[in-house]
Every structure is written in structure tokens, then in C-alpha cells.
Amino acid sequence: MSNLETRPAEQVCEAGSAAGGIELLDARDVPLGGPRAMTVRRTIPQRRRSLIGAWCFCDHYGPDDVSSSAGMQVPPHPHIGLQTVSWLFAGEILHRDSVGSLQTVRPGELNLMTAGRGISHSEESPEDASEHPRPPTLHGVQLWTVLPGEAKDGEPAFEHHANLPVAVHAGVRVQVFMGTLRVAGEALVSPARTWTPLVGAQLDLEAGASVELDVDPGFEHGLLVDAGEARLEETTVPVGTLAYAGPGRRRLVVSAGEEAVRAVLIGGTPFDEDVVMWWNFVGRSHEEIVEARADWAAQVTDADDGGTGYAAGSADRRFGRVDGYASGPLRAPALPDVRLRPRRRPGE
């Protein structure tokens, strides 16, 4: 998913601290601009915490009724220096990209795009068809991970994984979509490629159920609650809130109260490189972001209908081109007039 904010702020993100307690991070509503706007709930990055491991972006959306609308419509747009992790609870999204991928993602499946030095893609709710009616609800999360220095300028790539490891135990279902997690002595290992030690998993707990997760003590973790009121250790985590747990733990206990709980667990070793995020770009400096924006802007031209089109030779340029989407690519927003100072780590 693109960050469709018309005036995105530049952010210098730094790794988290090893705080001992559970920290609750509230979401903020972000209206994604344009005539087909949708609102998402963003928990990271934010002023209090920029990263959890290599996870640098967490948007939570839906459940949205798309039965009588165009649903999600995100025109072609660029990325650098990150992986996009698309994970659904309900509905379908059709992905197209500049390396030639055309892939529908459904609940329980993973679409993973590695931007490297540059890629572009679009996302849309599939057209309704009699042989395959569009699911009426769209609901999920869009996550990004930062690529480390040795991978950020690599070749772009795309993966789709429909068969991901699952453990079911005593009223609890755990599905791992990124990295590795141990549940009841069983190691669940995702086949998706990762560039830093991390984990991403969906947890479903029946009312009154509890699960003890064996975790890497070098990881920091975040638990995003989608449904029900969960408890992480002894801390109540309301719906829509991301609970942060610093490194040093060998286990995490997640419990459900009187209602069933659905949550997403993310985590990883604290990322040791400061990164600059702006719009859909993750870099290491202001100059790197400026260069990426200029490269994308050079590929987008005015179309006769008042919209946008691709400049000649775009298929062979840095971000390539996406074929098959109904409209032209997004324009890059204006850069901020000033650069922001690096944010301090929590507690500094």
C-alpha cells in the first residue's frame, strides 16, 4: 500500500530502547488522500517510537464495506529500501508491480515485495465478476520492514506464499508469516525471505484462552490488537492499540478475556541503523530521498485526459512501470522545506 498522504513528513527513525515494561502506543487516523480515499490507523512510526526491530510502518484498516464501492484503489507508486508485507483478515487485494507480478492475496496468504534500489506497484480491490464475486469486506494490515545497508540497493523482487505454518493448541491458533516463532515447543518457520532477524504472526485466541510464546530475548516485540481485549503479560491492550515489549524476555504471554481476540505480533532485533522515511521511500539520508523522488518524478508525465502517464522509456528506468492498472501513476508530493532533526530514542 502506498502512503497517499499529500504532505508526508520526513522522519528520521531510530532503534528502540530496551525498556523493561509494556508500553502502549495509540493509533492515529490517517486519511489517505485522493478521490478514493480510505482511512487507516497508524501506530508506527510515531514520535514515541519509530521502529520495532526492522518493522518501520504499521497501518491497520477495516473492516470496510467494499460491496458497493471501488474498494481499495492505489495507483502505481514507487518504493526504495524496504519490504512491503500485505496481510489480510478479510477480502482480497490484487497486486501488480514493475517486475511483472500479478497476484491476488487473500486471508492467510502473504504478499511480500522487496523494493531494493527501486520498484513500483499498484494495489486494488479485484473487479466484481459473476464467476468470482468480490468479498464484501476488506480488513487487514499493511506493514513495512527496513532493509539493512547491505540489501537496500539490491534488485527488486516479489514473493507470494499461500502455505504458511500454523499451530493450533488449546483454543489458540498461531500463523507465522515472517521469520520464526516457537509455540508449545513447535518451531513455526515462514518460507518468506527476511534480511534481519524478525517475526510476524497472527494470533487468534478463543475467549478465555491464553498462549505462551517462546521468544528470542534479543528481540523487541509489538502486539497489535485487531479484535477483542487482549492482555500482554499483565497489561490490558485495547483494540487498535500496539503494545511494545522491550528486549530481554524469553517468553510472552498473550491472553483473551470474555471475548475472542485477534492480534498481530511483530518483533525483531533492534535495528542498528538510523533511517530516513518520507512518502514511500526508506533511505539513510535526506539526499537519498531527494534523489529517489526526482527519479520517480522524471517517469511521470501529464496525460491528455488531465491525469498522468509514463514518460518514454520508463520500463527501463529505476522504478520501471506497472501495466494493467486502470489509471496512470501517482505523482510524488512536494518535499518538505526543511529537514527534521533526528529523533531521540525513548528515554534519551
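Keep in mind that this is a model prediction, so the values were computed, not measured. (Residues numbered from 1 in each chain as written. Predicted model: local features only at pLDDT ≥ 70, side-chain atom pairs only at ≥ 80, totals over all residues. Heavy atoms only, no water.)

### Re the sheet that holds strand β8 (residues 93-97)
An order of β6-β11-β8-β9 is seen for the 4 strands of this open sheet, with the pairing classed as antiparallel. Each end of this open sheet is capped by a strand with a single partner; those strands are β6 (73-79) and β9 (102-105). This sheet shows a mean twist of 20° between the axes of neighbouring strands, independent of strand direction. As judged from the 5 bridges shared by β6 and strand β11 (residues 119-124), these two strands associate in the antiparallel manner. Bridged to Gln-73 within β11 is Glu-124. (Pairing = 2+ DSSP bridges. Helix = DSSP H or I, 4+ residues; strand = E, 2+ residues; numbered from the N terminus. Axes fitted to C-alpha atoms, helices over the stretch in contact; angles between N-to-C directions.)

### Let's talk about the nonpolar core
Trp-55, Leu-110, Phe-177 and Met-178 are the most contacted members of the largest nonpolar core, which has 37 residues in total. Every element with two or more residues in this core is listed here: β5 (55-65), β7 (82-90), β10 (110-114), β12 (137-146), β15 (172-183), β22 (242-245), β24 (261-268) and β25 (275-278). Membership of the second largest hydrophobic core comes to 29 residues, among which are Val-199, Leu-223, Ala-230 and Ala-245. (Core = buried A, V, L, I, M, F, W, Y, C linked by side-chain atoms within 4.5 Å. Buried < 20%, exposed > 50% of the residue type's maximum accessible area, 1.4 Å probe, protein only.)

### Focus: the packing of aromatic side chains
Inspection of every chain in the model, using the stated rule, returns 7 aromatic pairs. For the pair Trp-87 and Phe-177, a centre-to-centre distance of 4.5 Å together with 25° between the ring planes defines the contact as stacked. Of this pair, Trp-87 sits in strand β7 while Phe-177 sits in strand β15; the two residues are 90 residues apart in sequence, bridging distant segments of the chain. Judged on exposure class, the residue Trp-87 and its partner Phe-177 are both buried. Residues Trp-296 and Phe-319 carry aromatic rings whose centres are separated by 5.7 Å and whose planes lie at 85° to one another, so their mutual orientation is edge-to-face. Of this pair, Trp-296 sits in helix α1 (residues 286-297) while Phe-319 sits in the segment after β28 (308-310), and the two are 23 residues apart along the sequence. For the pair formed by Trp-296 and Phe-319, the shared burial category is buried. Lying across the ring of Phe-89, Arg-262 places its NZ or CZ 4.5 Å from the centre. (Phe/Tyr/Trp six-rings, centres within 6.5 Å; stacked < 30°, edge-to-face > 60°. Lys NZ or Arg CZ within 6 Å of the ring centre and 35° of its normal.)

So far we have only geometry, and geometry alone does not tell us how the molecule works.
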